[in-house]
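Here is what each chain is made of, one letter per residue.
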Amino acid sequence: MSNSTPKAAISPRRDEDFPEWYQQVIRAAELAEPSDVRGCMVIRPWGYGIWENMQRQLDALIRATGHRNAYFPLFIPLSYFAKEAEHVEGFAKECAVVTHYRLKLDEEAGLVPDPESKLTEPLIVRPTSETIIGASYAKWVQSYRDLPILINQWCNIVRWEMRTRLFLRTTEFLWQEGHTVHETETEAREETKRMLGVYETFVRERCAIPVFAGLKSDSEKFPGAVETMALEAMVQDRKAIQAGTSHFLGQNFARASGIQFQTREGKQEFGWTTSWGMTTRMVGTVVMAHGDDDGVVLPPRIAPTHIVILPITTREETRANVLETCDRLAAELRAKRFLDDVVIEVEVDRRDLGGGVKNWEWIKKGVPLRVEIGPRDLEKNSVTVSRRDQPVKNKESMRLDEFTARAPEILVSIQDSLHTHAKEFRDANTHEINSKKDFYDFFTAKNPSKPEIHGGFALAHWNGSREIEEQIKDDLKVTIRVIPLDDSSEPGQCIFTGEPSARRVVWAKSY
RNA sequence: CGGGGCGUAGCUUAGCUUGGUAGAGCGCGUGGUUUGGGACCACGAGGUCGGAGGUUCAAAUCCUCUCGCCCCGACCA
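All values reported here derive from a predicted model rather than from experimental measurement.

### Comments concerning the protein's contact with RNA strand B
Move 1: Taken together, 34 residues lie around RNA strand B, and R281, E372, R376, D377 and K477 are the ones closest in.
Move 2: Put simply, 41% of the atoms of RNA strand B that lie within 4 Å of the protein are in sugar or phosphate.
Move 3: A distance of 3.0 Å is found between a base nitrogen of RNA strand B and a side-chain nitrogen or oxygen belonging to T384.
Move 4: Between a phosphate oxygen of RNA strand B and a side-chain N or O atom of K473, the distance comes to 3.2 Å.
Move 5: At the level of secondary structure, the elements contributing two or more residues to the surface near RNA strand B comprise α1 (18-28), α10 (355-365) and α11 (375-380).
Move 6: Looking at which element gives the most residues to the surface near RNA strand B, the answer is α10, with four residues.
Move 7: Of the residues assigned to the surface near RNA strand B, the class counts are eight nonpolar, ten polar and 16 charged.

Right, here's the structure in full:
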């Protein structure tokens, strides 16, 4: 076999067809697969392991900010859901509705919902839980002394989407939704911002993805919210993807659900609520942000396995010795920690498979470190180490004890390099744009029939009007992703109208 | 839900225009040869050609309906 032109493990390459590449990666890495249920996916152990890591770590951050987990019903009575007008308008189109509670065997039609069992009031499957949680909060909140209420829930939700894509948009997905009630507007606004900050930390530190944090424009905000804040990440086709949102709900939902309390002055007032969420979409975001033409590349902090040890047992006489060395190394590594407290997960792959096949499987799955140990390593008391953030052919021979000692710092170095790389990519494709023509050029593919990867984030002045947003969306499929919170931008003129603009906003095509 | 494309073995697919009841590569199993590597050889398992109806002596191939998937649009985390 000639290896002069190394072939990539995933076909097509990212630059050939990004959406298809994405699907192939998800499959090759065994993250998930489409299920027999329309629009729903099966999350396989490797993909679910990534989610569990995200979940565990984000959960710790959520707890550290004073929130506690609870669980509310999957089903929401239609009348509860109907209470907030904007909310209904936003979600009604994608609600699964439960109308019966029993099946019946019909002669002709087979198993059908029993007409006798029709619910007097239909239930909807939660697309989000503001209204059902609000009903509980209304009971729990009597006095300002009951506030704040700081609760989070991990659950599945259902949004009946037209088009689905593994992890990025499925009918059912997993997420975390925080719901809080506060005594004052200020507190609630602070909470909204605090949780956005938690997400920002999580996404940057753990997922190694840089983001722009900011406000959504009115047209993009959560149905029923006063203000929505979001994080926007850039993935490798230069499109934006939302990586966590936090909503200041004002008193809208409190009014709808009757969350009222007696103030310090003895008056009745509606509570100030917030909600915030992050979903399994983050798994897809990591794939698209860090993956390469050989598959997934996982940041160590969310990888289910950090180090895979590949015994080279081609010679029978050294086999036992090699395996024993592998097990010993695994045990030593497992006893270590990186970044102070992260347990190192190690797997010795002793499956009876061709070495090359095994190696490539782990490459496609994105394990941060691969370590080969064979007879030649035994003689030299060394190991052969490959980092997933470096080309497949780069192998480094290292003394065994040196590797054991350095493994934690190598993992940290991979974590850092992924973030640096993602940030460089994001920054290289983020441009200040100062004229309408440049803007249109920036977001127009050179090859309209088969658009190449183009565009990116445009930082441009905007007059704040919805009409302009809609115009741009119609023309280019580009939207305002976020109005950044930082105040680094100078005032200027809207590039579309020439009107005054307080600051630049982030524009992009998005998922 | 609109526009386009596609459903043939686990995956990728040939065959369909010009009907004659399936062929390949990869993967899988067994045996052997190899061995720091996604190897090679031999043998083998696996398909009611998405489903239903129709035309026909005969349908993967033609017709009708239906289901599902992918891409683009509308909508969204």
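### Here we look at a nonpolar patch on the surface
Move 1: Taken together, the side chains of L103, L105 and L111 define a hydrophobic patch exposed on the protein surface, amounting to about 360 Å² of accessible area.
Move 2: Inspection of the secondary structure puts L111 in strand β7 (residues 110-113).
Move 3: The exposure class assigned to L111 is exposed, which follows from its relative accessible area of 57%.

### Some points on the domain arrangement of chain A
Move 1: Assigned domains within chain A: domain 1 (18-96 + 127-290), domain 2 (300-414) and domain 3 (430-508).
Move 2: On the side of domain 2, nine residues touch domain 1, which itself brings 13 residues to the contact.
Move 3: Carbon and sulfur atoms supply 61% of the area buried between domain 1 and domain 2, which totals about 1,000 Å² over both sides.
Move 4: Its largest share of buried area at the contact with domain 2, domain 1 owes to W46, N53 and R206, together 52% of the area lost on that side.
Move 5: Taken together, the connections running from domain 1 to domain 2 amount to one salt bridge.
Move 6: In this structure, K365 and E30 form a salt bridge, with 3.3 Å as the shortest nitrogen-oxygen distance.
Move 7: Applying the counting rule to domain 1 against domain 2 returns five residue pairs in polar contact (both at pLDDT 80 or more).
Move 8: Every element with two or more residues in the side of domain 1 that touches domain 2 is listed here: α2 (45-64) and α6 (185-206).

### Looking at the sheet that holds strand β5 (residues 97-100)
Two orientations exist for strands paired in a sheet by backbone hydrogen bonds: parallel and antiparallel.
Move 1: Taken together, the three strands give an open sheet; going across it, the order is β4-β8-β5, and neighbouring strands pair in antiparallel fashion. Either end of the sheet is taken by a strand with one partner, and the two such strands are β4 (75-77) and β5. Pairwise comparison of adjacent strand axes, ignoring direction, gives a mean angle of 40° for this sheet.
Move 2: Pairing geometry for β5 and strand β8 (residues 118-125), over three bridges, is antiparallel. Note that in β8 the partner of V97 across the bridge is I124.

### Observations concerning the state of the cysteines
Move 1: All told, the structure shown has zero disulfides when counted by the stated rule.
Move 2: With no disulfide of its own, C207 lies 19 Å from the sulfur of C155, the closest cysteine sulfur.

### Some remarks on the sheet that holds strand β25 (residues 457-461)
Move 1: The strand order β3-β9-β10-β16-β13-β12-β11-β26-β29-β25-β24 describes an open sheet built from eleven strands, whose pairing is mixed. Where the open sheet ends on each side, the last strands, each with one partner, are β3 (68-69) and β24 (430-432).
Move 2: In terms of strand pairing, strand β11 (residues 212-215) meets strand β26 (residues 479-484) through two bridges, oriented antiparallel. Residue pairing across strands places L215 opposite I483, the latter belonging to β26.

### Description of the packing of helix α9 (residues 316-334) against helix α12 (residues 400-428)
Move 1: Packing of α9 against α12 leaves a shortest axis separation of 10 Å and a crossing angle of 30°. Taken together, the axis directions place α9 and α12 in an arrangement best described as roughly parallel. Note on packing geometry: the crossing formed by α9 with α12 is right-handed. Residue-level contacts link T325, L329, E332 and L333 of α9 to L400, F403, T404 and A407 of α12.
Move 2: A class-by-class count of the residues in the contact of α9 with α12 yields five nonpolar, two polar and one charged.

Each value, and the rule that gives it
- Residues numbered from 1 in each chain as written.
- Chains lettered and ligands numbered in written order.
- Predicted model: local features only at pLDDT ≥ 70, side-chain atom pairs only at ≥ 80, totals over all residues.
- Heavy atoms only, no water.
- Near = heavy atom within 4 Å.
- Polar contact = N/O pair within 3.5 Å; in protein donor to acceptor, adjacent residues only side chain to side chain.
- Helix = DSSP H or I, 4+ residues; strand = E, 2+ residues; numbered from the N terminus.
- Nonpolar A, V, L, I, M, F, W, Y, C, P; charged D, E, K, R; others polar.
- Patch = residues over 30% accessible without salt bridge, like charges linked within 9 Å, V, L, I, M, F, W, Y side chains within 5 Å.
- Areas by Shrake-Rupley, 256 points an atom, 1.4 Å probe, with all protein chains shown as cover.
- Salt bridge = Lys/Arg side-chain N within 4 Å of Asp/Glu carboxyl O.
- Buried < 20%, exposed > 50% of the residue type's maximum accessible area, 1.4 Å probe, protein only.
- Domains from an automatic or database assignment.
- Contact = heavy atoms within 4.5 Å.
- Buried area = accessible area lost by both parts, 1.4 Å probe.
- Pairing = 2+ DSSP bridges.
- Axes fitted to C-alpha atoms, helices over the stretch in contact; angles between N-to-C directions.
- Disulfide = S-S within 2.5 Å.
- Parallel < 35°, antiparallel > 145°, perpendicular 65-115°, else oblique.
- Left-handed = near helix turned anticlockwise from the far one by under 90°.

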